[in-house]
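The residues making up each chain are set out below.
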Amino acid sequence: MDALKRQAAARALEEVRDGMKLGLGTGSTAKHFVELLGEKVQSGMKVVGVPTSEATRADAIRCGVPLTTLDEVDHLDLTIDGADEIDPALNLIKGGGGALLREKIVAAASDRMIVIADESKWVDVLGRFPLPVEVIPFGLAATRAAIARAFAQAGVSGEMVIRKGKDGHAFVTDGGHWIVDAHLGRIGDPPRLAGLLSVIPGVVEHGLFIGLGTSAVLAGANGIRVVERR
Ligand SMILES: O=C[C@H](O)[C@H](O)[C@H](O)COP(=O)(O)O
(Lines give C-alpha, C1' and ligand atoms only; values in the text may rest on other atoms or scores of the structure.)
Protein backbone atom coordinates (compact mmCIF):
# COMPACT_ATOMS: atom_id res chain seq x y z
CA MET A 1 0.00 0.00 0.00
CA ASP A 2 2.79 2.38 0.90
CA ALA A 3 4.52 1.68 -2.42
CA LEU A 4 1.30 2.58 -4.27
CA LYS A 5 1.02 5.84 -2.33
CA ARG A 6 4.57 6.73 -3.33
CA GLN A 7 3.84 5.91 -6.98
CA ALA A 8 0.85 8.26 -6.98
CA ALA A 9 2.98 10.96 -5.37
CA ALA A 10 5.72 10.48 -7.97
CA ARG A 11 3.21 10.78 -10.83
CA ALA A 12 1.82 14.03 -9.37
CA LEU A 13 5.34 15.39 -9.04
CA GLU A 14 5.58 15.30 -12.85
CA GLU A 15 3.04 18.17 -12.88
CA VAL A 16 5.26 20.44 -10.78
CA ARG A 17 7.17 23.12 -12.69
CA ASP A 18 10.01 25.41 -11.69
CA GLY A 19 8.74 28.55 -9.95
CA MET A 20 5.42 27.09 -8.79
CA LYS A 21 3.74 28.01 -5.53
CA LEU A 22 2.43 24.75 -4.06
CA GLY A 23 -0.05 23.65 -1.44
CA LEU A 24 1.42 20.73 0.51
CA GLY A 25 -1.18 18.25 1.79
CA THR A 26 -1.23 16.20 4.96
CA GLY A 27 -1.23 12.45 5.63
CA SER A 28 0.79 9.38 4.71
CA THR A 29 0.36 9.86 0.93
CA ALA A 30 1.10 13.58 0.94
CA LYS A 31 4.17 12.85 3.04
CA HIS A 32 5.61 10.82 0.15
CA PHE A 33 5.02 13.81 -2.12
CA VAL A 34 6.87 16.17 0.24
CA GLU A 35 9.81 13.76 0.42
CA LEU A 36 10.02 13.41 -3.38
CA LEU A 37 9.64 17.18 -3.81
CA GLY A 38 12.50 17.64 -1.37
CA GLU A 39 14.72 15.52 -3.62
CA LYS A 40 13.82 17.75 -6.59
CA VAL A 41 14.61 20.86 -4.57
CA GLN A 42 17.99 19.41 -3.60
CA SER A 43 18.74 18.99 -7.30
CA GLY A 44 17.88 22.59 -8.11
CA MET A 45 14.13 22.95 -8.60
CA LYS A 46 12.81 26.29 -7.33
CA VAL A 47 9.40 26.02 -5.67
CA VAL A 48 7.79 27.29 -2.53
CA GLY A 49 5.15 25.49 -0.47
CA VAL A 50 2.36 26.25 1.97
CA PRO A 51 1.93 23.35 4.43
CA THR A 52 -1.57 22.28 5.47
CA SER A 53 -0.57 21.15 8.98
CA GLU A 54 2.15 21.45 11.56
CA ALA A 55 3.11 17.84 10.73
CA THR A 56 3.62 18.72 7.06
CA ARG A 57 5.49 21.88 8.02
CA ALA A 58 7.95 19.72 9.99
CA ASP A 59 8.28 17.23 7.10
CA ALA A 60 8.89 20.01 4.58
CA ILE A 61 11.58 21.60 6.74
CA ARG A 62 13.22 18.20 7.22
CA CYS A 63 13.21 17.65 3.43
CA GLY A 64 14.50 21.15 2.63
CA VAL A 65 11.36 22.42 0.88
CA PRO A 66 11.17 26.25 1.14
CA LEU A 67 7.96 27.42 2.81
CA THR A 68 5.71 30.45 2.70
CA THR A 69 2.26 31.33 4.03
CA LEU A 70 -1.06 32.46 2.60
CA ASP A 71 -0.31 35.84 4.17
CA GLU A 72 2.75 36.28 1.98
CA VAL A 73 1.14 34.86 -1.18
CA ASP A 74 -2.59 35.04 -1.83
CA HIS A 75 -2.84 32.35 -4.47
CA LEU A 76 -1.19 29.02 -5.26
CA ASP A 77 -0.61 27.28 -8.59
CA LEU A 78 -1.18 23.73 -7.45
CA THR A 79 -2.07 21.75 -4.33
CA ILE A 80 -1.20 18.06 -3.98
CA ASP A 81 -3.02 16.23 -1.21
CA GLY A 82 -4.36 12.82 -0.25
CA ALA A 83 -7.97 11.90 0.55
CA ASP A 84 -9.91 9.38 2.58
CA GLU A 85 -12.51 8.78 -0.16
CA ILE A 86 -12.86 9.96 -3.76
CA ASP A 87 -16.03 9.59 -5.84
CA PRO A 88 -16.36 9.71 -9.65
CA ALA A 89 -17.27 13.43 -9.55
CA LEU A 90 -14.03 13.96 -7.57
CA ASN A 91 -15.98 14.90 -4.46
CA LEU A 92 -13.80 13.96 -1.51
CA ILE A 93 -13.95 13.04 2.14
CA LYS A 94 -10.88 14.41 3.89
CA GLY A 95 -9.81 14.95 7.48
CA GLY A 96 -8.92 11.45 8.63
CA GLY A 97 -5.74 13.03 9.97
CA GLY A 98 -7.56 16.07 11.32
CA ALA A 99 -6.10 18.61 8.88
CA LEU A 100 -9.27 19.36 6.89
CA LEU A 101 -9.56 23.05 7.78
CA ARG A 102 -6.14 24.17 6.58
CA GLU A 103 -6.35 21.68 3.71
CA LYS A 104 -9.57 23.25 2.46
CA ILE A 105 -8.26 26.83 2.81
CA VAL A 106 -5.13 25.89 0.85
CA ALA A 107 -7.03 23.92 -1.83
CA ALA A 108 -9.50 26.79 -2.29
CA ALA A 109 -6.59 29.20 -2.82
CA SER A 110 -5.09 26.98 -5.55
CA ASP A 111 -5.69 27.00 -9.30
CA ARG A 112 -5.60 23.19 -9.31
CA MET A 113 -5.74 20.38 -6.77
CA ILE A 114 -4.32 16.96 -7.61
CA VAL A 115 -5.56 14.24 -5.27
CA ILE A 116 -3.10 11.40 -4.79
CA ALA A 117 -4.18 8.02 -3.46
CA ASP A 118 -4.06 4.29 -3.77
CA GLU A 119 -7.06 2.73 -5.52
CA SER A 120 -8.68 1.70 -2.21
CA LYS A 121 -9.80 5.33 -1.74
CA TRP A 122 -11.92 5.27 -4.92
CA VAL A 123 -15.63 4.69 -4.14
CA ASP A 124 -18.92 4.85 -6.05
CA VAL A 125 -20.63 6.75 -3.22
CA LEU A 126 -18.99 8.66 -0.36
CA GLY A 127 -19.75 7.84 3.27
CA ARG A 128 -18.24 4.53 4.30
CA PHE A 129 -15.36 6.52 5.78
CA PRO A 130 -16.69 8.54 8.75
CA LEU A 131 -17.20 12.19 7.79
CA PRO A 132 -15.04 14.50 9.96
CA VAL A 133 -16.80 17.66 11.12
CA GLU A 134 -14.55 20.20 12.88
CA VAL A 135 -16.41 21.94 15.70
CA ILE A 136 -15.91 24.57 18.39
CA PRO A 137 -16.07 22.86 21.83
CA PHE A 138 -18.31 25.67 23.15
CA GLY A 139 -21.98 24.70 22.92
CA LEU A 140 -21.18 21.28 21.51
CA ALA A 141 -24.51 19.63 22.40
CA ALA A 142 -26.41 22.36 20.53
CA THR A 143 -24.03 22.08 17.56
CA ARG A 144 -24.46 18.30 17.47
CA ALA A 145 -28.24 18.72 17.44
CA ALA A 146 -27.92 21.16 14.52
CA ILE A 147 -25.66 18.71 12.69
CA ALA A 148 -28.23 15.93 13.23
CA ARG A 149 -30.94 18.17 11.74
CA ALA A 150 -28.71 18.86 8.72
CA PHE A 151 -28.19 15.11 8.30
CA ALA A 152 -31.96 14.52 8.39
CA GLN A 153 -32.53 17.24 5.78
CA ALA A 154 -29.89 15.65 3.55
CA GLY A 155 -31.42 12.20 4.02
CA VAL A 156 -28.53 10.66 5.96
CA SER A 157 -28.12 9.46 9.53
CA GLY A 158 -25.57 7.77 11.72
CA GLU A 159 -23.64 7.83 14.95
CA MET A 160 -21.55 10.90 15.79
CA VAL A 161 -18.36 10.25 17.77
CA ILE A 162 -16.04 12.86 19.24
CA ARG A 163 -12.57 11.93 18.01
CA LYS A 164 -10.12 10.97 20.74
CA GLY A 165 -6.35 11.45 20.69
CA LYS A 166 -3.78 8.86 21.75
CA ASP A 167 -4.00 10.21 25.31
CA GLY A 168 -7.72 9.33 25.47
CA HIS A 169 -8.78 12.99 25.56
CA ALA A 170 -10.55 14.83 22.77
CA PHE A 171 -8.33 15.18 19.69
CA VAL A 172 -7.42 18.85 19.19
CA THR A 173 -6.80 20.14 15.66
CA ASP A 174 -4.02 22.54 14.65
CA GLY A 175 -6.67 25.27 14.90
CA GLY A 176 -7.57 24.31 18.50
CA HIS A 177 -10.93 22.72 17.64
CA TRP A 178 -12.48 19.28 18.11
CA ILE A 179 -13.66 16.76 15.50
CA VAL A 180 -16.93 14.87 15.39
CA ASP A 181 -16.71 11.78 13.15
CA ALA A 182 -20.10 11.01 11.59
CA HIS A 183 -20.66 7.38 10.58
CA LEU A 184 -23.13 7.90 7.75
CA GLY A 185 -22.47 4.87 5.54
CA ARG A 186 -23.73 6.50 2.38
CA ILE A 187 -23.97 10.18 1.38
CA GLY A 188 -26.36 10.34 -1.56
CA ASP A 189 -25.98 14.07 -2.26
CA PRO A 190 -22.59 15.35 -1.01
CA PRO A 191 -22.97 18.96 -2.31
CA ARG A 192 -26.32 19.31 -0.52
CA LEU A 193 -24.95 17.96 2.76
CA ALA A 194 -21.87 20.19 2.43
CA GLY A 195 -24.08 23.26 2.05
CA LEU A 196 -26.23 22.35 5.06
CA LEU A 197 -23.22 21.76 7.34
CA SER A 198 -21.42 24.93 6.25
CA VAL A 199 -24.09 27.26 7.69
CA ILE A 200 -24.11 25.78 11.22
CA PRO A 201 -22.47 28.35 13.53
CA GLY A 202 -20.49 25.89 15.70
CA VAL A 203 -19.16 23.99 12.68
CA VAL A 204 -15.79 25.40 11.70
CA GLU A 205 -15.43 23.18 8.63
CA HIS A 206 -16.31 19.72 7.39
CA GLY A 207 -14.46 17.08 5.41
CA LEU A 208 -16.56 17.19 2.24
CA PHE A 209 -14.45 18.77 -0.51
CA ILE A 210 -16.80 19.66 -3.34
CA GLY A 211 -15.50 21.07 -6.64
CA LEU A 212 -11.95 21.45 -5.32
CA GLY A 213 -10.19 18.38 -6.70
CA THR A 214 -9.35 18.95 -10.38
CA SER A 215 -7.75 15.55 -10.96
CA ALA A 216 -7.00 12.34 -9.09
CA VAL A 217 -3.93 10.15 -9.47
CA LEU A 218 -4.81 6.62 -8.38
CA ALA A 219 -2.19 3.93 -8.01
CA GLY A 220 -3.27 0.29 -8.08
CA ALA A 221 -1.91 -3.18 -8.73
CA ASN A 222 -2.44 -2.66 -12.48
CA GLY A 223 -0.69 0.70 -12.64
CA ILE A 224 -1.65 4.34 -12.38
CA ARG A 225 -4.75 6.01 -13.74
CA VAL A 226 -5.48 9.72 -13.82
CA VAL A 227 -9.09 10.90 -13.54
CA GLU A 228 -9.90 14.49 -14.53
CA ARG A 229 -12.94 16.25 -13.13
CA ARG A 230 -15.56 16.65 -15.84
O1 LIG B 1 -6.53 15.19 7.58
C2 LIG B 1 -5.94 14.41 6.83
C3 LIG B 1 -6.03 14.47 5.37
O4 LIG B 1 -7.28 14.86 4.88
C5 LIG B 1 -5.44 13.31 4.60
O6 LIG B 1 -5.16 13.78 3.34
C7 LIG B 1 -6.34 12.11 4.48
O8 LIG B 1 -6.74 11.68 5.77
C9 LIG B 1 -5.64 10.95 3.74
O10 LIG B 1 -4.53 10.54 4.46
P11 LIG B 1 -3.67 9.28 4.02
O12 LIG B 1 -2.93 9.68 2.79
O13 LIG B 1 -2.75 9.04 5.19
O14 LIG B 1 -4.62 8.13 3.81
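Bear in mind that the values here come from a model prediction, so they are computed numbers and not experimental data.

**Q** Looking at this model, I keep getting lost on the sheet that holds strand 5 (residues 92-93). Mind explaining?
**A** What holds strands together in a sheet is hydrogen bonding between their backbones, with the strands either parallel or antiparallel. Read from one edge to the other, the open sheet built from three strands follows the order 4-5-11, with strand pairing classed as antiparallel. The two strands at the open ends of the sheet, each matched to only one other strand, are strand 4 (85-86) and strand 11 (208-209). Summarising the sheet, strand 4 and strand 5 pair through two bridges and their orientation is antiparallel. Bridging across to strand 5, E85 finds its partner in I93.

**Q** Help me understand the packing of aromatic side chains, please; the structure alone is not making it clear to me.
**A** In this description, a pair of aromatic rings is defined by centroid distance and the angle of the planes. The final tally for this structure, using the stated rule, is zero aromatic pairs. The ring of F171 has R163 lying over it, and the distance from NZ or CZ to the ring centre is 5.6 Å. The ring of W122 has R225 sitting right over it, with the charged end atom 4.6 Å from the ring centre.

**Q** In this structure, what is going on with the nonpolar core? I would like to understand it.
**A** As a rule of thumb, nonpolar side chains are buried together in soluble globular proteins. L131, I147, F151, L184, L193, L197 and L208 are the most contacted members of the largest nonpolar core, which totals 25 residues. Broken down by secondary-structure element, the contributors of at least two residues to this core are strand 7 (131-135), helix 5 (140-154), strand 9 (178-183) and helix 6 (190-198). Sorting elements by how many residues they give to this core places helix 5 first, with six residues. Residue contacts for L131: discarding those within four places in its chain leaves I93, V180, D181, A182, L184, L193, L197, G207 and L208. Residues A12, M45, V47 and C63 belong to the second largest nonpolar core, which totals 24 residues.

**Q** Sorry, what's going on with the domain arrangement of the chain here?
**A** A common way to report how large an interface is uses the accessible area buried once the components associate. When cut into domains, the chain gives domain 1 (2-123 + 210-222) and domain 2 (131-206). The straight-line distance from the C-alpha centre of domain 1 to that of domain 2 is 24 Å. Summed over both sides, the interface of domain 1 with domain 2 buries roughly 1100 Å², with 65% coming from carbon and sulfur. When the area that domain 1 buries against domain 2 is broken down by residue, the three leading residues are L100, L101 and K104, summing to 41%. With a shortest N-O distance of 2.8 Å, E205 and K104 are connected by a salt bridge. Here domain 1 is connected to domain 2 by six residue pairs in polar contact (both at pLDDT 80 or more). Top contributing element to the side of domain 1 that touches domain 2 by residue count: helix 4 (residues 100-108), with four residues.

The rules we used
- Residues numbered from 1 in each chain as written.
- Predicted model: local features only at pLDDT ≥ 70, side-chain atom pairs only at ≥ 80, totals over all residues.
- Heavy atoms only, no water.
- Pairing = 2+ DSSP bridges.
- Helix = DSSP H or I, 4+ residues; strand = E, 2+ residues; numbered from the N terminus.
- Phe/Tyr/Trp six-rings, centres within 6.5 Å; stacked < 30°, edge-to-face > 60°.
- Lys NZ or Arg CZ within 6 Å of the ring centre and 35° of its normal.
- Core = buried A, V, L, I, M, F, W, Y, C linked by side-chain atoms within 4.5 Å.
- Buried < 20%, exposed > 50% of the residue type's maximum accessible area, 1.4 Å probe, protein only.
- Contact = heavy atoms within 4.5 Å.
- Domains from an automatic or database assignment.
- Buried area = accessible area lost by both parts, 1.4 Å probe.
- Salt bridge = Lys/Arg side-chain N within 4 Å of Asp/Glu carboxyl O.
- Polar contact = N/O pair within 3.5 Å; in protein donor to acceptor, adjacent residues only side chain to side chain.

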